[in-house]
Amino acid sequence: MTEKKEMDRRTYIKYLGAVVAGAAVVGVGWAGYEATKSPVVSPAVTTTETVTVSGTASPPPVTTVAAKNYSGITLKLVTQTGPFIAGPVYDHRGAWAQETGGTIEVIEVPWSDLYAKIMTSMTTGAKAFDILIHGGQFIPDYGGGGFTVDLTDRVTSTDPNVNPWWSDIMPANRSYESGWGGKFYAIPLDGDHHMSYYNKLAMENPDYRSKFKAKYGYDIPAPASTKDGKTEPLFRQYTWEEWRDMAEFFNKWDWFGDGKTHYGVMECMSRGTQSYWWIYDHAAPYSVLPGGPDKYHWQLYFDPETMEPICAGNQGWIEALKLAQSMVPLGPPGMLGYSVSEVRAGMVAGESALAIDWPDIGVMSVDPKLSKIVGNCGFGSIPGSAKVWDREKKDWVKADWSTDLDHSGAPINQWPINNGTGWAGHIVKTAASVDAAYDFLRFLGSPAISLLDVVRGSTGFNPYRFSHFAPESMRTWLQQGFTQNDALAYLDEIKRAFGKTDPVNPKKVACIPDLKLPGTAAYNDSLDLHYTSCLAGKETPEDCVAAIGKEWDVITDRFGRDKQKAAYQTMLSAGLIG
Amino acid sequence: MTVRIGLSEKNVKYAFLIPCMIVLACLAIFPTIYSLYLTFCSWELSGAVQLWPVFNGGQNWVRLVQDTRFWSDLGTTLVFAAGAVSIEFIVGLGMAMLLNRQIPGRGILRVIFLIPMMATPVVVGYTFRMLFNMEHGPVNYFLSLIGAPALNWLGDSAVALPAMILADAWEWTPFMILVLLAGLQAIPQEPYEAALVDGAGPWQVFRYVTFPMLTPVMTVAVILRLVETLKIFDILYVVTAGGPGISTESLSLYVQIVGLTQMSLGYGSNVAYGLLVLVIIVATIFLNRMRRQKL
């Protein structure tokens, strides 16, 4: 018979104590190990390095950070789940800590929950975060709501140890990412707009080009070759109709030569995955007239006098939605479920001939670990339209103000849009140390550090400083795998988007600001819902714009029409130069 | 030294209950009453328009009644709950009866069947997102082997909700198996023996012995799953985010969108109370049925 032995209480407590002490030792050791291995992207760049930049705006020589002591200060930084956006913070926080003694604790939250987490923390006074890295589109809520620090004096300071190399940041990024009501509430860390991508193996193949011409009666609008040393112009502007023809031609056959079926186009079409930024790409060229901003010009969202939604009953929006619907069968069969990640992965895997995305596909395309099309990715603006709906005349008009022409010689109306506004660093008023938080954001967005981030495909940050485009920076772009011509083509498109002025009113940038109002999330949710329903064929384009218009009116009334009108006019005024 | 507390023996029990009552009041009673109060308030945190709730009478309730999205989501939630619980019940009962027999490997099979229930809903969601991927997912691959056309499981509103029902059924059928198997094992052998002596066939044994004696357990299992599926959020949020359109948007997902995406906390509470009323109605119907049958 086996005797059952029971452990007495004293022995139990002794063993338990030993286990807890052992676990504590292992935990402390592990934490110490983690603290020492915080990666720094490039040992060649240190926090004391002096970097000279000479971009278009000739920014002054700068040092990345002045010696400061923030020992004992821990800042809680919240941002999107990595690797995008959170990744570069992990990469550089070690170098900043080494220089200043401060500590950055990163809290990662999925994109869809980020705004809610931040707002609930700030409005309830929970003090959960010190630094927010989030889109500039939320500045009306964060800075405008009085939760984040007004950085105007710091960013415009003439002291080189305080100013975040402000004049080196492109004007549209400065205004749209950090400005609100004449003040600046954030430090830009990213440049956001959509651009088009095409696979050169498809577009530049002479055989395919001749077959395309035989079928559609005109040449593929993408350039015949970008490998012959040409740098200007690298592409010809195309219309959405030409884009659709290209997508149709290259859809569902093996133009890639790997024995698999390849597709015409990829767009983000799934609900809850930022697809609402694609509807603006479609709608702007059919509905936005140059000039203004006034009741009928440079308006994508609302009538600035009445705050009535532009889309409601707008033939330009309806035409755009019809075209967007026609794209669905020209992509992979499951494209209605595609998020941004699938678009990016699919394009660089060579699955699609065309795609629309932020500048991320460009840097991903040259990374051999991610891409099967290294050196074969072409870059262009988002497509335009040869006809524009004039709300005043209630008729279609030709884009006579444009010098870009389609295959028939008709001028093309095209608008860059600041889709997503761009990631920026905001400091919560209750931060443990506003000075330390500002210093970290200034360090993260410094010309030298930001250049390291914008050239990599895994960071989610895109060029926004003049110095990123400067000849001195070319070496860094080439080190990432770009050819000189491809780097120039890629940067040229981004510069064009942010640097272009309105063809009728040169005192205004052409780049349309992202929707940036109190209640932006509610407007976007309505747009997202009806746009994805329309793409899925559940709503007609006419019903879609009517439903969006009706819901946007309700949201505007809920927030107060006059207040929203004032906020909208503030948003538009950010586009004025000088 | 003895400390004397000025409480009679009768009142001491109440003193011991006070901490528990405080916890209950803080965690359950106050939030319930406060959120009911919020249903009569406007509280828009977006843009810091209203940092505190402002009483607006019954406007939110009028809005709820007129909100076509609420009613559409209510229908989706009911279809989802009915579909998922039906599948879970039928398959669960069949599997439980199988496992109640003396079959080889019964022990290991029981453990394997429980694995889906142990996985977190987010993991299950991502798994099904891959399984239902139109181009690369194994579901369409197996369909192609039998000559069936590929379905756009997550992009076509006609099949997205059934796909989500299947995902939920996969995860929670083991719960039904577990509960119903316990019920089956609790049924005494004598009624079976008597039925066999009287010449009853397998169907008659099931219909007149097993089913009536298992009914109390089945009712509890179905109520528990119905209440859970009426509150479904996680799988839908991860896999479809309610899309395409609102074809897979449940009431819980709508509560999250209104309350935490749009930061409209007042109206969000109304939608949440709409869901609560639905759950109470369904649970009451089942409980009354149980009471009537003296289960």
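I will try to describe carefully the structure that is included in this document. Worth saying up front: this structure is predicted, and the values here are computed from it rather than measured. (Residues numbered from 1 in each chain as written. Chains lettered and ligands numbered in written order. Predicted model: local features only at pLDDT ≥ 70, side-chain atom pairs only at ≥ 80, totals over all residues. Heavy atoms only, no water.)

**Notes on the overall build of chain B**
Step number 1: On a plain count of helices and strands, chain B comes out with twelve helices and two strands.
Step number 2: Listed by position from the N terminus, the elements making up chain B come as α-β-β-α-α-α-α-α-α-α-α-α-α-α.
Step number 3: Since a compact globule built from 295 residues should have a radius of gyration of about 19 Å, the 25 Å found for chain B marks it as more spread out than a globular shape.
Step number 4: Principal-axis analysis of the C-alpha atoms gives chain B an extent of 70 × 70 × 45 Å.
Step number 5: Each of the 295 residues in chain B was classed as buried or not, and the buried ones make up 43%.
Step number 6: Across chain B, contacts joining residues at least 24 apart in sequence account for 66% of those joining residues at least 6 apart.
Step number 7: Here chain B displays about 15,900 Å² of accessible surface, and carbon together with sulfur accounts for 72% of that area.
Step number 8: Side-chain charges in chain B split into 16 positive and 15 negative, and the spacing between the mean points of these groups amounts to 12 Å. (Helix = DSSP H or I, 4+ residues; strand = E, 2+ residues; numbered from the N terminus. Rg over C-alpha atoms; globule rule 2.2 N^0.38 Å. Buried < 20%, exposed > 50% of the residue type's maximum accessible area, 1.4 Å probe, protein only. Contact = heavy atoms within 4.5 Å. Areas by Shrake-Rupley, 256 points an atom, 1.4 Å probe, with all protein chains shown as cover. Lys, Arg positive; Asp, Glu negative; His and termini not counted. Charge placed at Lys NZ, Arg CZ, Asp CG, Glu CD.)

**Some details on the state of the cysteines**
Residue and element names in this part refer to chain A.
Step number 1: Per the stated rule, a full pass over the model turns up zero disulfides over all chains.
Step number 2: Note on Cys 544: no disulfide assigned, nearest cysteine sulfur contributed by Cys 534 at a separation of 4.4 Å.
Step number 3: For Cys 544, a relative accessible area of 0% corresponds to the buried category. (Disulfide = S-S within 2.5 Å.)

**Focus: the interface of chain A and chain B**
Step number 1: Tallying the contact residues gives 34 residues for chain A and 32 residues for chain B.
Step number 2: The largest per-residue losses of area from chain A upon contact with chain B belong to Arg 271, Arg 558 and Phe 559 of chain A, which jointly make up 24% of the total buried on that side.
Step number 3: One can count three salt bridges joining chain A with chain B.
Step number 4: Taking the shortest distance from any N to any O, the salt bridge between Asp 525 of chain A and Arg 69 of chain B comes out at 3.3 Å.
Step number 5: Counting every contact that joins chain A to chain B gives ten residue pairs in polar contact (both at pLDDT 80 or more). (Buried area = accessible area lost by both parts, 1.4 Å probe. Salt bridge = Lys/Arg side-chain N within 4 Å of Asp/Glu carboxyl O. Polar contact = N/O pair within 3.5 Å; in protein donor to acceptor, adjacent residues only side chain to side chain.)

**Remarks on the packing of aromatic side chains**
Residues and elements named next belong to chain A.
Step number 1: Inspection of every chain in the model, using the stated rule, returns 47 aromatic pairs over all chains.
Step number 2: An angle of 80° between the planes, with centres 6.0 Å apart, marks the rings of Tyr 197 and Phe 379 as edge-to-face. Pair noted here: Tyr 197 is in strand β9 (residues 195–199) and Phe 379 is in strand β12 (residues 377–380), with a separation of 182 residues, a long-range link.
Step number 3: By relative accessible area, which is 0% here, Tyr 197 ends up buried.
Step number 4: The buried category is assigned to Phe 379, whose relative accessible area is 3%. (Phe/Tyr/Trp six-rings, centres within 6.5 Å; stacked < 30°, edge-to-face > 60°.)

**Remarks on empty space enclosed by the protein**
Step number 1: This structure, assessed with the given rule, holds four cavities of 30 Å³ or more.
Step number 2: Taken as a whole, the largest cavity holds about 60 Å³ of empty space.
Step number 3: Across the lining of the largest cavity, the residue classes break down as three nonpolar, four polar and three charged. (1 Å grid on protein atoms, 1.4 Å probe; cavity = no way out; pocket = protein on both sides within 12 Å on 5 of 7 lines; lining within 4 Å. Points joined across faces, edges and corners; volume = space filled by probe spheres on them. Nonpolar A, V, L, I, M, F, W, Y, C, P; charged D, E, K, R; others polar.)

**Re the environment of Leu 275 of chain B**
Residue and element names in this part refer to chain B.
Step number 1: Mapping Leu 275 onto the fold places it in helix α12 (residues 265–292).
Step number 2: Relative accessible area serves as the criterion here: at 9%, Leu 275 is assigned to the buried category.
Step number 3: Separated by 177 residues in the primary sequence, Leu 275 and Leu 98 place their C-alpha atoms 37 Å from one another.
Step number 4: Residues contacting Leu 275, with those up to four places away along its chain left out, are Leu 230, Leu 251 and Ser 252.

**Things to note about the environment of Gly 313 of chain A**
Step number 1: In this structure, Gly 313 of chain A sits in the loop between α10 (276–287) and α11 (315–327).
Step number 2: Each residue touching Gly 313 of chain A, except ones within four places of it in the same chain, is listed here: Ile 318 and Val 545 of chain A.

**A few points about the side chain of Ser 157 of chain B**
Step number 1: Inspection of the secondary structure assignment puts Ser 157 of chain B in helix α7 (residues 157–186).
Step number 2: Given a relative accessible area of 17%, Ser 157 of chain B falls into the buried group.
Step number 3: Excluding residues within four positions of it along the chain, Ser 157 of chain B makes contact with Lys 538 of chain A together with Pro 244 and Ser 247 of chain B.

**With respect to the pairing of strand β11 (residues 352–357) of chain A**
Residues and elements named next belong to chain A.
Step number 1: Of all six residues making up β11, six are buried, and the element is well covered by its neighbours.
Step number 2: Across four bridges, β9 lies against β11 in antiparallel orientation. Within β11, the position partnered with Tyr 198 by the bridge is Leu 354.
Step number 3: Pairing analysis gives three bridges linking strand β10 (residues 263–266) to β11, with the strands arranged parallel. Considered in β11, the bridge of Val 265 is made with Leu 354. (Pairing = 2+ DSSP bridges.)

**A closer look at the layout of surface pockets**
Step number 1: A volume near 780 Å³ is recorded for the second largest pocket.
Step number 2: Forming the walls of the second largest pocket are 28 residues, and the residues nearest its centre are Glu 551 of chain A together with Asp 67, Thr 68, Arg 69 and Tyr 254 of chain B.
Step number 3: For the lining of the second largest pocket, the secondary structure elements donating two or more residues are α19 (520–535) and α20 (541–559) of chain A together with α2 (59–66), α3 (68–99) and α11 (251–261) of chain B.
Step number 4: Its residues assigned to classes, the lining of the second largest pocket comprises ten nonpolar, nine polar and nine charged.

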